[in-house]
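Commentary on secondary and tertiary structure
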Amino acid sequence: MSSAESLPDFALWDGALQQAGQTLPCLVLDRARFVANLALARRRAQPGTGLRVVAKSLAALPMLDLAVQQLGAVGVMTFSSAMLHSLLQERPALDHLMGKPLPVGAAAEVLTQQAKAPDQVIWLLDTVVRAQQYAELAQSRGIRLRVAIELDVGLHRGGVEPAAFAALLSQIQQIPELQLEGVMGYEPHLDKLPAPLRKRSKAAVEQALRGAAELLKQRGITGPQGAAPLVNTGGSLTFDRYGAAQGVSEVSLGSVLVKPQDFCRPATRGFLPAMFIATPILKYRANNPLPGLDGLNHLLTWRRRANLAIYGGYWKASPVYPHGYGYSGIFGRSSNQEVWSGPQLAASPVDHFAFLHPSQSEAVIPEFGEILVLSEGQITETWPALSPRH
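The notes below deal with the structure included here. (Residues numbered from 1 in each chain as written. Predicted model: local features only at pLDDT ≥ 70, side-chain atom pairs only at ≥ 80, totals over all residues. Heavy atoms only, no water.)

1. Considerations on the packing of aromatic side chains
Scanning all chains against the criterion turns up ten aromatic pairs. Ring plane angle 80 degrees and centroid distance 6.0 Å describe the contact between tryptophan 13 and phenylalanine 355, whose orientation is recorded as edge-to-face. With a gap of 342 residues between them, tryptophan 13 in helix α1 (residues 10–19) and phenylalanine 355 in strand β15 (residues 353–358) connect regions that are remote in the sequence. Both residues of the pair, tryptophan 13 and phenylalanine 355, belong to the buried class. Through a chain of ring-to-ring contacts, three or more aromatic side chains come together here, namely Phe10, Trp13, Phe276, Tyr321 and Phe355. If you follow arginine 333 out to its NZ or CZ, it ends over the ring of tyrosine 314, 4.7 Å from the centre. (Phe/Tyr/Trp six-rings, centres within 6.5 Å; stacked < 30°, edge-to-face > 60°. Helix = DSSP H or I, 4+ residues; strand = E, 2+ residues; numbered from the N terminus. Buried < 20%, exposed > 50% of the residue type's maximum accessible area, 1.4 Å probe, protein only. Lys NZ or Arg CZ within 6 Å of the ring centre and 35° of its normal.)

Here you go:
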């Protein structure tokens, strides 16, 4: 849960939602906090290192536009064919690096529907088999595809091991239908490893990235627009650690810009939680009687706790307002009218809003379908979400 010092004034947010006539659960973004996070990310990034925005973490077109503009981003990292379709249609000049290898059939659908895809998309390859599949696809269309290799730098969720990288690089270089531009090596495990393991793993990641960068240069590989080879790494917890010294040309980031709960870690200190779920409070009881024990409730300390029931629930989020409230251990989780338990309140909160801090943005934004934008104490815009499909 976010610390009290970093939380916004939810009473102000409640008033803004009431004034806007909001009556249903919704997702609210504080524009000022979001812009402040963008400015902080730009300051923290190492000089000369490109920034690539993770589209799935900021899955609303105006939010993505603002991030790309304010960060001076080189492009976006895209993870789904559905979102790739949408962005190629709406923002045809945007450069895409795929964040995972797509089945060749999904890539074929994109190429069929989006004429700009061969120019604007760097597809991710992880095996010789997938490289051959993409080569056959390119040959059948009479086109050349931009590609990068997924490098396993220690996460071990796929990608080619550093020891096998040179061999895969050589094989792809021999395929005329594929234009190899570099590598992507994701390392989210680093910030979550126990301290005794982290130092060695960090050194291994950097060694793998530097080695890949050196080999790409030796083989004459160039990146987008003939620049240095693409070496992409990092994420919201580590983007500011990489630059030329590690052979890195660009880093990716996304979630830290709205700072959901899973990203409230020492590495993101200074960033502000900017997006919360708001939902109407339907009911309030100034005590917490136990079901089935009506004759004994006067003897139980649970009675001194209060209950409230919200509209909806079971989101990937934790209660943060009213302060001191959390999920009821008696009623359990519910997607209908979830019950929270906490201290007795001076006045009933019914018809006001409760707030939750999402654990992540990529699952929550598509679930709500839109984002209400709070600016200077008022709801000023509604941003539709991009496609929720994976």
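2. Description of α1
Among the residues making up α1, those that are buried are Phe10, Trp13, Asp14, Ala16 and Leu17. Viewed along the axis of α1, the buried residues span an arc of 165 degrees, placing them on a single side of the element. In the core, the buried residues of α1 are packed alongside β1 (26–30), β10 (275–285), β12 (317–321), β15, β16 (370–375) and β17 (378–384). For α1, the N-terminal cap is aspartate 9; the gap from its side-chain oxygen to the backbone nitrogen of alanine 11 is 3.2 Å. In the stretch just after α1, glycine 21 is the one whose phi turns positive, near 75 degrees. (Arc of directions from axis to C-beta. Contact = heavy atoms within 4.5 Å. Polar contact = N/O pair within 3.5 Å; in protein donor to acceptor, adjacent residues only side chain to side chain.)

3. Observations concerning the sheet that holds strand β8 (residues 230–233)
In spatial order, the strands read β2-β3-β4-β5-β6-β7-β8-β9; together these eight strands close into a barrel with parallel pairing. Taking the axes of each pair of neighbouring strands and ignoring which way they run, one obtains an average angle of 30 degrees across the sheet. Note that β8 and strand β9 (residues 250–253) share two bridges and pair parallel. Residue pairing for β9: threonine 233 is matched across the bridge by valine 251. (Pairing = 2+ DSSP bridges. Axes fitted to C-alpha atoms, helices over the stretch in contact; angles between N-to-C directions.)

4. Remarks on helix α2 (residues 31–44)
Quick reminder: α-helices carry 3.6 residues per turn. Residues three or four places apart thus point the same way. Over its 14 residues, α2 runs 20 Å from end to end, which matches the ideal 20 Å to within 8%, given 1.5 Å per residue. Taken as a whole, α2 has its buried residues at Arg33, Phe34, Asn37, Leu38, Leu40 and Ala41. Taken end-on, α2 shows its buried residues confined to a sector of 165 degrees, consistent with a single buried face. Turned more than 90 degrees from where α2 packs its buried face, Ala32 and Arg43 sit exposed. (Expected span 1.5 Å × (residues − 1).)

5. Digging into the packing of helix α4 (residues 81–90) against helix α5 (residues 104–113)
Running from N to C, α4 and α5 cross one another at 15 degrees; their axes reach a closest spacing of 10 Å. On the basis of their axis angle, the class for α4 and α5 is roughly parallel. With respect to the hand of their crossing, α4 and α5 are arranged in right-handed fashion. Between α4 and α5, the residues in contact are Ser81, Leu84, His85 and Leu88 and Ala106, Glu109, Val110 and Gln113, respectively. Here the contact of α4 with α5 is built from residues that sort into four nonpolar, three polar and one charged. (Parallel < 35°, antiparallel > 145°, perpendicular 65-115°, else oblique. Left-handed = near helix turned anticlockwise from the far one by under 90°. Nonpolar A, V, L, I, M, F, W, Y, C, P; charged D, E, K, R; others polar.)

6. A short note on the pairing of strand β14 (residues 339–342)
Burial along β14 is two-sided: the face carrying Val339 and Ser341 and the face carrying Trp340 and Gly342 are both buried. As defined by bridge partners, strand β11 (residues 306–310) adjoins β14 across four bridges and the pair is classed as antiparallel. Counted as the bridge partner of leucine 308 is tryptophan 340 from β14. Relative to β14, strand β13 (residues 326–327) runs antiparallel, the two sharing two bridges. What sits directly across from tyrosine 327, in β14, is tryptophan 340.

7. Topic: the packing of helix α8 (residues 162–173) against helix α9 (residues 195–218)
Close contact between α8 and α9 brings their axes to 10 Å; oriented N to C, the two are set at 20 degrees. When the interaxial angle is binned, α8 and α9 end up roughly parallel. In the packing of α8 onto α9, the handedness of the crossing is right-handed. Contacts between α8 and α9 pair Pro162, Phe165, Ala166 and Leu169 from the former with Ala208, Ala212, Leu215 and Leu216 from the latter.

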